Amino acid sequence: MPTISVIIPTHNVSLYVENCIDSVLNSTWKKLEVIIIDDSSTDDTLKKIQRKIIAINDERCHVLSLENWGGVSHARNVALQAACGDYIAFVDADDWVEATMLEKLLEAAHKYNADITLCGTSRLPNPLFTLNRVQPLVFIGRERIDQYIQMFMLKGKAEFKPYFSIGQPYGTLYKSELLKKNCITFIEGMQYKEDVLFNMYAAQFATCVVRINENMYHVNKNNPHSLTTFMLKDEMLCHIRKDVEERKLFHQKYRMGDSLFEHGLYQYICRSFMKTVVKTCVYDYDYEKCLSIFMQSTYQEAFAKVKLQYMTFLEKIAVTLIRKFHGLRVYYAVSRIFLRIKAIKARCYNEIFINKFCTVLIRQNGYQNGQQSGSTRGTNRRQDNHL
C-alpha cells in the first residue's frame, strides 16, 4: 500500500489549524505521513499544533518548526525534502478536505498511472463558487500534456473554461518520483502565483494528468491573516513582476516553439497589468507609478503583440483603449470610478448585514425577555393563588 505524504505549512493560523489537521487525519486512506511545518508563527499556532499532536498521539504526524520566516514556498520545500511517501499532497492550514479525497485521488492515479491527479475545490463562504465548473479530464501523451499546460495561460479559450481552476497545489496528488527526479520545487521568495508556476513545471515533466469531477477540497477565503491580504503596494508590484519574469523564463526554457502558449503569455501579462497592477496603483492614487510600469519593455511588448482572440469583450475594449495615445490614463480613471462604486456597494452590503444581524439579536432578546417576564408573571400568579 502506497504512503501519501500530506504537507501542511502553517503561519498564524491558530483559528483554523486544528480543524485542518482533523480533516486530514480523518481520511479514509489511513497510510499517511502528515508533515506540519510552522513558518515562524507569531501567534499560538505552534502551541496549538503541539498540544493537538500530544492529545491525539498519532505516529503519522510530524511537526517541523522554522526559526526564521521564509515564506510558504520555503516551508513547502523543506517539507518536501523530509517527505518519504510515494505520493505528495499539499493542504493549506486554513482549509479542510473531505474524508474521501485522498483515497479517491489515489484510485484515479492508480487507474491511469497518473503523475498528477487533482479534484475540484469549493470556496468558503460560497461553496457553490466552483461547484458547476468541475469537469473530468484525462491528459495522456505529450500532445495532450502540452494542451494542459496551455490552459495555464489561455483560460479565456472556450474549451478551457471548465478547467480554469488547475493552478493550485492543494486538492492535488503528485507522484513523489516526479517531483524528486526532476528537482521540482517551489520558487522561493515568491508569495504570489508561486503555486501556478510549481504546477507548470510539474506538468512539463508529467506523462499523465487526471482530474476527477468532485469538489473535495474546501478553500477558506475568510482568513484575515492571509499573506496576500497584507501585502503593501510596492511589495505586491514586486511579486507581480517576479511572476511575469518566471513565466517568461519557463517559456524560454520549454515552450519556445509553442505559439499558443506564447499567445497566452502575452494575454496573461496584459491581464496581469489591467487587473492587478492598475488596481494596486489606483488604491494609492499613483498614476505615475502605473505609467512607469507600463513603459517597461515587458508590458510594451505584450500590449503590442497580444492578439484579442480568446479575450472577453471588456478585455478587448481595454486593450484597444490602452494601446491608443493617453488610453492608459482613461483606463486608469475608469478603474478608479469602478473601484469606488465597488467600495460603496460593499459598504452598503455591510451596513445592511449589520442592520439585519442587530434586528435578529433584538428580536431574540425580546423573545427571551418576553418568555422570562411571562414565566415571572406565571410564578407570581401561582404564588398569589397559593396565598
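The rules behind each value
Residues numbered from 1 in each chain as written. Predicted model: local features only at pLDDT ≥ 70, side-chain atom pairs only at ≥ 80, totals over all residues. Heavy atoms only, no water. Helix = DSSP H or I, 4+ residues; strand = E, 2+ residues; numbered from the N terminus. Buried < 20%, exposed > 50% of the residue type's maximum accessible area, 1.4 Å probe, protein only. Contact = heavy atoms within 4.5 Å. Areas by Shrake-Rupley, 256 points an atom, 1.4 Å probe, with all protein chains shown as cover. 1 Å grid on protein atoms, 1.4 Å probe; cavity = no way out; pocket = protein on both sides within 12 Å on 5 of 7 lines; lining within 4 Å. Points joined across faces, edges and corners; volume = space filled by probe spheres on them. Nonpolar A, V, L, I, M, F, W, Y, C, P; charged D, E, K, R; others polar. Expected span 1.5 Å × (residues − 1). Bend = angle between axes of the 7 residues up to and from the residue. Arc of directions from axis to C-beta. Phe/Tyr/Trp six-rings, centres within 6.5 Å; stacked < 30°, edge-to-face > 60°. Lys NZ or Arg CZ within 6 Å of the ring centre and 35° of its normal. Salt bridge = Lys/Arg side-chain N within 4 Å of Asp/Glu carboxyl O.

S.K.: Looking at this model, I keep getting lost on the overall build of the chain. Mind explaining?
M.R.: Within the chain one finds 13 helices and nine strands. For the chain, the proportion of its 387 residues judged to be buried stands at 49%. Considering only residue pairs separated by 6 or more positions, the chain has 82% of its internal contacts joining residues 24 or more positions apart. When the accessible surface of the chain is totalled, it reaches about 20200 Å², and 55% of it is carbon and sulfur.

S.K.: When you look at the layout of surface pockets in this model, what are you seeing that I'm missing?
M.R.: Over the atoms, a rolling probe the size of a water molecule traces out where space has been left empty. In this structure, the second largest pocket spans a volume of roughly 640 Å³. Along the walls of the second largest pocket sit 16 residues, with M274, L314, Y331, S335 and F338 positioned nearest its centre. Counting residues per element, the lining of the second largest pocket draws most heavily on helix α13 (residues 327-386), which supplies six residues. Taken together, the residues of the lining of the second largest pocket sort by class into 10 nonpolar, two polar and four charged.

S.K.: Which parts of the structure should I look at to understand helix α9 (residues 259-283)?
M.R.: Owing to its 3.6 residues per turn, the α-helix aligns residues three or four sequence positions apart on the same side. Taking 1.5 Å per residue as the helical rise, α9 with its 25 residues ought to reach 36 Å, and the 36 Å between its terminal C-alpha atoms agrees with that figure. The largest bend in α9 comes to about 35 degrees, at F273. Along α9, 19 of the 25 residues are buried, which leaves the element largely enclosed by surrounding structure. Once α9 ends, the next one or two residues include Y285, with phi positive near 55 degrees.

S.K.: Would you mind showing me how to read unusual backbone geometry here?
M.R.: The phi angle of most residues is negative, glycine excepted, and most peptide bonds adopt the trans form. One non-glycine residue with positive phi stands out, namely N12, at about 55 degrees. Its place among the elements puts N12 in the loop between β1 (4-10) and α1 (17-25). For N12, a relative accessible area of 16% puts it in the buried group. Even without being glycine, N57 reaches a positive phi, approximately 50 degrees. Tracing the chain through its elements places N57 in the loop between α2 (45-56) and β3 (61-66).

S.K.: How do you make sense of the side chain of R247 when you look at a structure like this?
M.R.: Here R247 shows up in helix α8 (residues 233-254). The contacts of R247, once residues within four sequence positions are left out, are F152, M153, K193, V196, L197, M200, L265 and Y268.

S.K.: Just checking my understanding: could you explain α2 for this structure?
M.R.: In this model α2 runs 17 Å from its N-terminal to its C-terminal C-alpha over 12 residues, within 8% of the 16 Å that 1.5 Å per residue would give. Among the residues of α2, T45, K48, I49, K52 and I53 are the ones counted as buried. End-on view of α2: buried residues confined to an arc of 130 degrees, all on one side of the axis. Away from the buried face of α2 by more than 90 degrees, exposed residues K47, R51, I54 and A55 are located. Contacts made by the buried residues of α2 are with β1, α1, β2 (32-39) and β3. One or two positions beyond α2, positive phi appears at N57, with a value near 50 degrees.

S.K.: Help me understand the packing of aromatic side chains in this model?
M.R.: Any aromatic ring pair is given by two values, namely how distant the centres are and how the planes are angled relative to each other. Under the defined criterion, the tally for this structure stands at 17 aromatic pairs. Ring centres of F205 and Y254 lie 5.8 Å apart, and the angle between their planes is 80 degrees; on these two criteria the pair is classed as edge-to-face. Note that F205 is positioned in helix α7 (residues 194-205) and Y254 in helix α8, a separation of 49 residues in sequence. What makes Y254 partly exposed here is its relative accessible area of 31%. Ring plane angle 50 degrees and centroid distance 5.3 Å describe the contact between F273 and Y299, whose orientation is recorded as tilted. Residue F273 is located in helix α9, and its partner Y299 is located in helix α11 (residues 297-305); the two are separated by 26 residues in the primary sequence. Look at Y299 and you get buried, because its relative accessible area is 4%. The residue whose ring lies beneath R76 is F186, and the NZ or CZ to ring-centre distance is 4.9 Å. Between the NZ or CZ atom of R247 and the centre of the ring of Y268, over which it lies, the distance is 3.7 Å.

S.K.: Looking at this model, I keep getting lost on the pattern of salt bridges. Mind explaining?
M.R.: In a structure, side chains of opposite charge can pair up when their charged atoms sit close to one another. Applying the stated criterion to the full structure yields 13 salt bridges. E246 is the salt-bridge partner of K242, the closest N and O atoms lying 3.0 Å from each other. Of this pair, K242 and E246 both sit in helix α8, four residues apart, which is roughly one turn of the helix. Taking the relative accessible area as the measure of exposure, E246 reaches 11% and is therefore buried.

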